[in-house]
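Here is what each chain is made of, one letter per residue.
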Amino acid sequence: MSVDKGIFRRNKQAETFDFHSGQRPAHWKSEEQIDRYVPTHCCYCGVQCGMYLKVANGKVVGVEPRADFPLNHGMLCPKGSTAYQTVNHPDRLTYPLMRRNGKDSPLERASWDEVLDTIARRFRELQAQYGNDTVSIYSGSSMTNEKCYLMGKFARVAVGTRHTDYNGRLCMSSATGANERSLGIDRAANPISDMLHADCIFVIGANVGECFPITTSYLWQARDRGCKLIVADPRQTPIARTADVYLPLRSGTDSALLNGMLHVIVKEGLIDEDFIRERTNGWEETMALVEQYPPERVAKVCGLRPEAIVEAAHMYGRANAALIYTARGLEHQSKGVDNGVTAANLALATGNFGRPGAGYGTLTGQGNGQGGREMGQKASQLPGERDVEDPEDRAYICSVWGIDEKDLPHSGYPATLMIPAMLRQEIRACFMICSNPMVSLPDQHTVERALRGLDLFVVTDFFLSETAELADIVLPGSVWAEDEGTVTSLEGRVIKYNKAVEPPGEARVDWEIVCDLARRLGKGQYFDFHSARDIFNELRKCTKGAKSDYWGITYEKIAEQNGVFWPCPSEDHPGTPRLYEKRFGFPDGKARFHPIPYIPPAEEPNAEYPLVLTTGRVIYHYLSGNQTRRTPFLKEMAPYPWVEIHELTAARLEINDGDWVTVSTRRGEMTAPALVVRSIRPDTLFIPYHYGHTQAVNQLTNPVLEPMLKIPEYKVCAAKAVRASQRPDWAKDIDVHELIEARKHRHELPMAQNKPVPTFR
Ligand SMILES: Nc1nc2c(c(=O)[nH]1)N[C@H]1C(S)=C(S)[C@@H](COP(=O)(O)OP(=O)(O)OC[C@H]3O[C@@H](n4cnc5c(=O)[nH]c(N)nc54)[C@H](O)[C@@H]3O)O[C@H]1N2
Ligand SMILES: Nc1nc2c(c(=O)[nH]1)N[C@H]1C(S)=C(S)[C@@H](COP(=O)(O)OP(=O)(O)OC[C@H]3O[C@@H](n4cnc5c(=O)[nH]c(N)nc54)[C@H](O)[C@@H]3O)O[C@H]1N2
Ligand code: SF4
Ligand SMILES: [Mo]
């Protein structure tokens with residue numbers, strides 16, 4: 001099948017532009033100074049909007065949205081349209097840094113030879129003394145597939161450690177668990193354009209408007225065609241304001257809600273019996289379980305009105321084609337995998353798979369959050385989503401890599417378990433690239449102790465992040481515009497970044513740094529890559545015949561087709577935009593139901609901590625904010641964190657808009673201004689997490705992990721709030737009312753269709 005082009009008008013100017021020569025069309029008079037337009041994609045979220053970087057005199061000077069890319073059709077969000085400003089930023093790291101005299105000495109300028117030789121020597125010394133696994137590799141999914149692939153191979157082949165993992169552990173691991181348990185393939189089931197074919201879209205735990213901004217244009221087009229919208233989120237997010245049913249559930253109760261909706265669907269005969277019989281296993285047990293979740297019981301658990309649950313179930317159950325979208329709201333929980341499974345159960349029971357507009361999918365977060373979870377940088381994984389403990393997978397990858405099977409390490413610690421292993425001194429060195437855990441990991445005070453305690457901590461970044469500040473050696477790497485390589489978007493579409501400029505100063509392209517280090521570790525023959533394309537060709541081979549099969553994807557085909565959806569098993573295969581049209585990903589081709597009882601979150605409110613704290617994102621910042629906090633417009637729009645608090649709760653606590661509030665949990669406390677709103681449950685507080693040091697909400701969050709996939713419960717912990725006795729140090733000269741004024745309107749928009757503001761129980 002082909003991907004829907006949507007109903008956008010195409011930009012004529014862009015179409016006449018010769019992308020290959022990089023020549024601008026003659027009639028673009030006002031752009032005379034631009035030398036080249038380099039087609040690429042945004043470096044931020046998983047939507048991966050197409051853009052051109054404008055290059056003049058060897059520098060990136062601006063951005064132009066790509067009208068010819070079928071997903072964004074000429075649109076970019078505030079982050080995309082300012083991303084280019086990070087390339088020439090004055091804060092760029094332009095030479096290596098190193099502490100020469102222990103932890104208390106300053107980071108000083110050093111040469112590449114000095115830092116890389118030191119790293120190689122110290123790794124070997126520590127490994128000789130404490131074993132190979134004393135070194136860990138911690139990488140990230142904002143990097144291309146080529147780099148993610150390289151990191152897994154670097155860990156196993158160059159360093160010889162079993163401990164390799166990445167920041168996707170904090171992001172996509174619940175989704176992976178649910179996809180693998182229910183459907184058998186860890187990828188979104190549908191291309192985004194499938195929204196245009198849906199009669200009902202159910203968004204649970206995803207802030208689509210702020211986190212996947214450009215996809216909302218598909219949502220609005222679907223709405224124009226009569227598609228219903230259900231939103232379940234403890235906060236009334238931008239898209240929730242226009243929803244047909246808005247379910248402001250209590251954080252951590254998603255599986256109860258989903259079981260309750262399925263209960264109603266079964267009772268009313270809205271299940272798809274043919275689909276269940278022919279394409280699934282295990283329905284009886286799930287049906288028996290949801291019997292125990294009548295709307296009245298679920299309403300109490302979730303803090304909702306029972307009628308709203310029934311209404312949502314009817315709306316979803318009666319649609320001919322319905323889509324469920326989840327994201328971290330449902331997944332950042334100690335029951336995150338189970339929650340995803342209950343969402344899949346609902347879609348399976350109603351036959352919503354394998355057709356246009358029918359599916360369940362997690363909205364993948366990071367730019368390469370999809371490819372990054374397939375390329376073998378994960379603790380338990382080899383490239384192509386292969387299993388590091390599976391004898392056949394091991395043998396195949398060893399044959400491609402040319403190593404002996406006994407030299408391939410077994411599975412190691414996921415990123416979240418590396419922290420306790422560092423505290424136990426089982427891990428004594430860490431090579432980190434493309435992650436900023438001093439903002440992103442829960443329970444920051446413990447994380448800081450672990451990282452400070454390392455014998456050798458190396459960070460590769462292009463800005464000095466909160467984490468790089470703690471490193472013994474900082475390596476200046478490259479931004480996306482300085483390298484080429486592929487990325488796999490939230491649709492499962494493999495696309496390509498193209499190189500626009502060279503890294504500044506002595507900064508180097510990431511993969512060259514890693515290959516150079518591999519050589520110095522004596523393993524150069526396994527890292528004899530001369531281009532990103534060389535790496536891509538090897539990774540294609542590694543994925544051949546695997547679930548995420550890239551074998552048939554080439555750089556040329558990506559350019560010709562505007563991306564290729566995996567699996568793509570041969571060069572004449574067009575790729576696979578929609579999964580599960582005929583089979584699910586298990587050997588018998590059938591999907592699997594799993595009965596999931598509701599289990600409460602790890603921490604529930606009590607007398608001392610009577611509120612629920614939840615955390616997440618705002619449109620203006622990206623993840624740890626290391627990039628977006630340096631972008632003037634984005635910084636201005638959201639300069640520091642705030643506490644969203646319902647007006648009833650604020651009144652009870654005698655807190656007014658703009659008052660400084662101290663929020664505390666069992667792990668720590670922080671102070672930020674109150675934003676008094678009606679768009680959040682009265683029992684819930686929300687703090688955006690994009691800030692570091694004393695502005696980091698992860699000082700407060702609960703490090704409890706999902707038992708299988710080890711993702712932290714960022715979305716629920718017990719908290720209390722009081723009016724602060726004084727402002728924090730960072731806030732002495734701040735006029736907080738500017739922020740309040742800027743944010744306020746976002747929370748005060750009227751509900752569509754004159755619906756009353758929802759009542760909470
Ligand atoms: N602007 C922006 N966009 C981004 C990113 C970014 O940092 N900034 N990051 C990208 C990445 S890596 C990711 S992972 C995605 C994340 O995308 P999302 O998951 O959409 O973003 P979050 O803000 O983490 O959480 C989503 C929603 O979950 C709600 N929520 C909290 N607790 C619960 C709960 O218990 N149940 C339910 N159902 N909902 C709950 C929150 O109120 C919030 O509105 O965004 C991607 N896009
Ligand atoms: N409380 C709370 N905490 C959360 C979340 C939440 O919702 N609430 N969300 C979690 C989620 S979903 C995620 S994805 C994580 C993200 O957490 P992190 O991965 O720690 O955050 P990033 O900002 O992506 O960190 C990437 C770092 O690498 C750098 N970088 C980016 N691209 C490249 C590259 O190509 N090469 C190199 N060398 N460096 C690069 C950036 O400058 C940045 O410093 O945070 C998690 N933490
Ligand atoms: S929606 Fe995502 S990919 Fe598109 S411009 Fe915004 S941040 Fe970039
Ligand atoms: Mo994420």
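What you see is a predicted model, and the numbers here were worked out from it, not measured in a lab. (Residues numbered from 1 in each chain as written. Chains lettered and ligands numbered in written order. Predicted model: local features only at pLDDT ≥ 70, side-chain atom pairs only at ≥ 80, totals over all residues. Heavy atoms only, no water.)

A.B. asks: So what exactly am I meant to see when it comes to the overall build of the protein here?
C.D. replies: Counting its secondary structure elements, the protein contains 24 helices and 30 strands. Dimensions of the protein along its principal axes, counting C-alpha atoms only, are 65 × 65 × 60 Å. In the protein, which comprises 761 residues, the share counted as buried stands at 67%. Long-range pairs, those at least 24 residues apart, make up 73% of the contacts in the protein with a sequence separation of at least 6. Here the protein displays about 26100 Å² of accessible surface, and carbon together with sulfur accounts for 49% of that area. Counting 89 positive and 96 negative side-chain charges, the protein places the centres of these two groups 1 Å from one another. (Helix = DSSP H or I, 4+ residues; strand = E, 2+ residues; numbered from the N terminus. Buried < 20%, exposed > 50% of the residue type's maximum accessible area, 1.4 Å probe, protein only. Contact = heavy atoms within 4.5 Å. Areas by Shrake-Rupley, 256 points an atom, 1.4 Å probe, with all protein chains shown as cover. Lys, Arg positive; Asp, Glu negative; His and termini not counted. Charge placed at Lys NZ, Arg CZ, Asp CG, Glu CD.)

A.B. asks: What am I meant to see in the packing of helix H16 (residues 415–423) against helix H18 (residues 444–452) here?
C.D. replies: The geometry of H16 relative to H18 is characterised by a closest axis approach of 8 Å and an angle of 60° between their N-to-C directions. Taken as axis vectors, H16 and H18 run oblique relative to one another. Between H16 and H18 lies a crossing whose hand is left-handed. Between H16, through Ile419, Met422 and Leu423, and H18, the contact on the second element is made entirely by Thr446, Val447, Arg449, Ala450 and Leu451. Looking at the contact of H16 with H18 residue by residue, the class counts come to 6 nonpolar, 1 polar and 1 charged. (Axes fitted to C-alpha atoms, helices over the stretch in contact; angles between N-to-C directions. Parallel < 35°, antiparallel > 145°, perpendicular 65-115°, else oblique. Left-handed = near helix turned anticlockwise from the far one by under 90°. Nonpolar A, V, L, I, M, F, W, Y, C, P; charged D, E, K, R; others polar.)

A.B. asks: In this structure, what is going on with the packing of aromatic side chains? I would like to understand it.
C.D. replies: What describes a pair of aromatic rings is the distance from one ring centre to the other and the angle between the planes of the rings. Across all of its chains, the model carries 16 aromatic pairs by this definition. Each ring, one from phenylalanine 154 and one from phenylalanine 527, has its centre 6.5 Å from the other, and the planes form 75°; the classification is edge-to-face. With phenylalanine 154 in helix H4 (residues 145–159) and phenylalanine 527 in the loop between helix H19 (510–520) and helix H20 (532–543), this pair connects stretches of sequence that are 373 residues apart. Since its relative accessible area comes to 0%, phenylalanine 527 is described here as buried. With 6.3 Å between their ring centres and 90° between their planes, phenylalanine 275 and phenylalanine 584 make a pair best called edge-to-face. On the criterion of sequence distance, the pair formed by phenylalanine 275 in helix H9 (residues 273–279) and phenylalanine 584 in the loop between strand E21 (564–565) and strand E22 (591–592) is long-range, its members being 309 residues apart. (Phe/Tyr/Trp six-rings, centres within 6.5 Å; stacked < 30°, edge-to-face > 60°.)

A.B. asks: Just to check I follow, could you spell out the environment of arginine 667 for this structure?
C.D. replies: Following the sequence through the fold, arginine 667 ends up in the loop between strand E25 (660–664) and strand E26 (669–677). The exposure class of arginine 667 is buried, given its relative accessible area of 17%. Counting along the chain gives 62 residues from arginine 667 to aspartate 729, while the straight-line C-alpha distance between them is 20 Å. Discounting residues that sit within four places of it in the chain, arginine 667 has contacts with Asp443, His445, Glu603, Gln699, Leu700, Thr701, Asn702, Pro703 and Cys717. A polar contact of 2.6 Å, which involves the side chain of arginine 667, links it to the side chain of glutamate 603. (Polar contact = N/O pair within 3.5 Å; in protein donor to acceptor, adjacent residues only side chain to side chain.)

A.B. asks: Sorry, what's going on with the sheet that holds strand E8 (residues 200–204) here?
C.D. replies: Strand pairing in a sheet is mediated by backbone hydrogen bonds. Such pairs are either parallel or antiparallel. Strand order across the open sheet formed by 5 strands is E10-E9-E8-E12-E13, with parallel pairing between neighbours. A single partner strand is all that each edge strand has here, and the edge strands are strand E10 (245–247) and strand E13 (359–362). Taken over all neighbouring pairs, the strand axes of this sheet differ in orientation by 15° on average, direction set aside. Bridge count between E8 and strand E12 (residues 322–326): 5 bridges; the pairing is parallel. Along E12, the bridge assignment pairs phenylalanine 202 with isoleucine 324. (Pairing = 2+ DSSP bridges.)

A.B. asks: I'm lost on the nonpolar core in this one. Help?
C.D. replies: A general feature of soluble globular proteins is that nonpolar side chains tend to end up buried together. Residues Phe154 and Tyr316 are the most contacted members of the largest nonpolar core, which totals 119 residues. Sorting elements by how many residues they give to this core places H4 first, with 9 residues. Looking at which domains feed residues into this core, each of domain 2 (97–166 + 368–565) and domain 3 (173–362) supplies at least three. Apart from residues no more than four positions distant in its own chain, tyrosine 316 is found in contact with Cys200, Phe202, Ile230, Met261, Ile265, Ala322, Ile324, Leu346, Ala347, Thr350 and Asn352. In terms of nonpolar packing, the next biggest core, distinct from the first, is built from 77 residues, Leu71, Val663, Leu700 and Ala719 among them. (Core = buried A, V, L, I, M, F, W, Y, C linked by side-chain atoms within 4.5 Å. Domains from an automatic or database assignment.)

A.B. asks: When you look at the sheet that holds strand E2 (residues 50–56) in this model, what are you seeing that I'm missing?
C.D. replies: Pairing is antiparallel across the open sheet formed by 3 strands, whose spatial order is E1-E2-E3. In this open sheet, the two edge strands, each paired with only one partner strand, are strand E1 (36–41) and strand E3 (59–65). On average, each strand axis in the sheet is tilted by 30° relative to the strand beside it, whichever way the strands run.

A.B. asks: Explanation requested: the UniProt feature "domain: 4Fe-4S Mo/W bis-MGD-type" (unreviewed entry) in the protein in the structure shown.
C.D. replies: Those residues carrying the UniProt feature "domain: 4Fe-4S Mo/W bis-MGD-type" (unreviewed entry) are residues 35–91 in this numbering. A helix fraction of 9% and a strand fraction of 35% characterise residues 35–91, whose end C-alpha atoms lie 25 Å from each other. (UniProt positions renumbered as here; feature names shortened; annotations may be inferred.)

A.B. asks: Would you explain the site of ligand 1 in this entry?
C.D. replies: Taken together, 35 residues form the shell around ligand 1, and within it Asp233, Asp254, Arg617, His621 and Leu623 come nearest. Contact between ligand 1 and arginine 617: an oxygen atom at 2.6 Å from a side-chain N or O atom of the residue. Contacts to ligand 1 include lysine 715, whose side-chain N or O atom sits 2.9 Å from an oxygen atom. When ligand 1 sits alone it has 910 Å² of accessible area, and the protein chains cover 100% of it. Looking at the shell around ligand 1, the elements with two or more residues in it are helix H6 (208–211), helix H13 (328–331) and strand E23 (611–616). Here the residues of the shell around ligand 1 are counted per class, giving 14 nonpolar, 13 polar and 8 charged. (Near = heavy atom within 4 Å.)

A.B. asks: Before we go on, may I ask you to explain the environment of histidine 573 in this structure?
C.D. replies: Looking at where histidine 573 falls in the secondary structure, it is placed in the loop between E21 and E22. Accessibility expressed as a relative area gives 24% for histidine 573, which makes it partly exposed. Residues histidine 573 and tryptophan 551, spaced 22 residues apart in sequence, show a C-alpha to C-alpha distance of 9.9 Å. Among all residues touching histidine 573, those that are not within four sequence positions of it are Lys557, Pro567 and Cys568. Here the side chain of histidine 573 touches glycine 575 through a polar contact of 2.8 Å, landing on its backbone nitrogen.

A.B. asks: I would appreciate a short explanation of helix H24 (residues 736–747) in the present structure.
C.D. replies: A turn of α-helix holds 3.6 residues, and therefore any two residues three or four places apart point the same way. If you check H24, its first and last C-alpha atoms are 17 Å apart, about what 12 residues at 1.5 Å a residue would give, namely 16 Å. Val736, Leu739, Ile740, Arg743, Lys744, Arg746 and His747 are the residues of H24 that are buried. Summarising the axial view, the buried residues of H24 lie within an arc of 150°, below the 170-degree limit, and thus occupy one face. Relative to its buried face, H24 has exposed residues pointing more than 90 degrees away, namely Glu738 and Glu741. The secondary structure elements touched by the buried residues of H24 are H6, helix H22 (632–637), strand E24 (643–646), E25 and E26. (Expected span 1.5 Å × (residues − 1). Arc of directions from axis to C-beta.)

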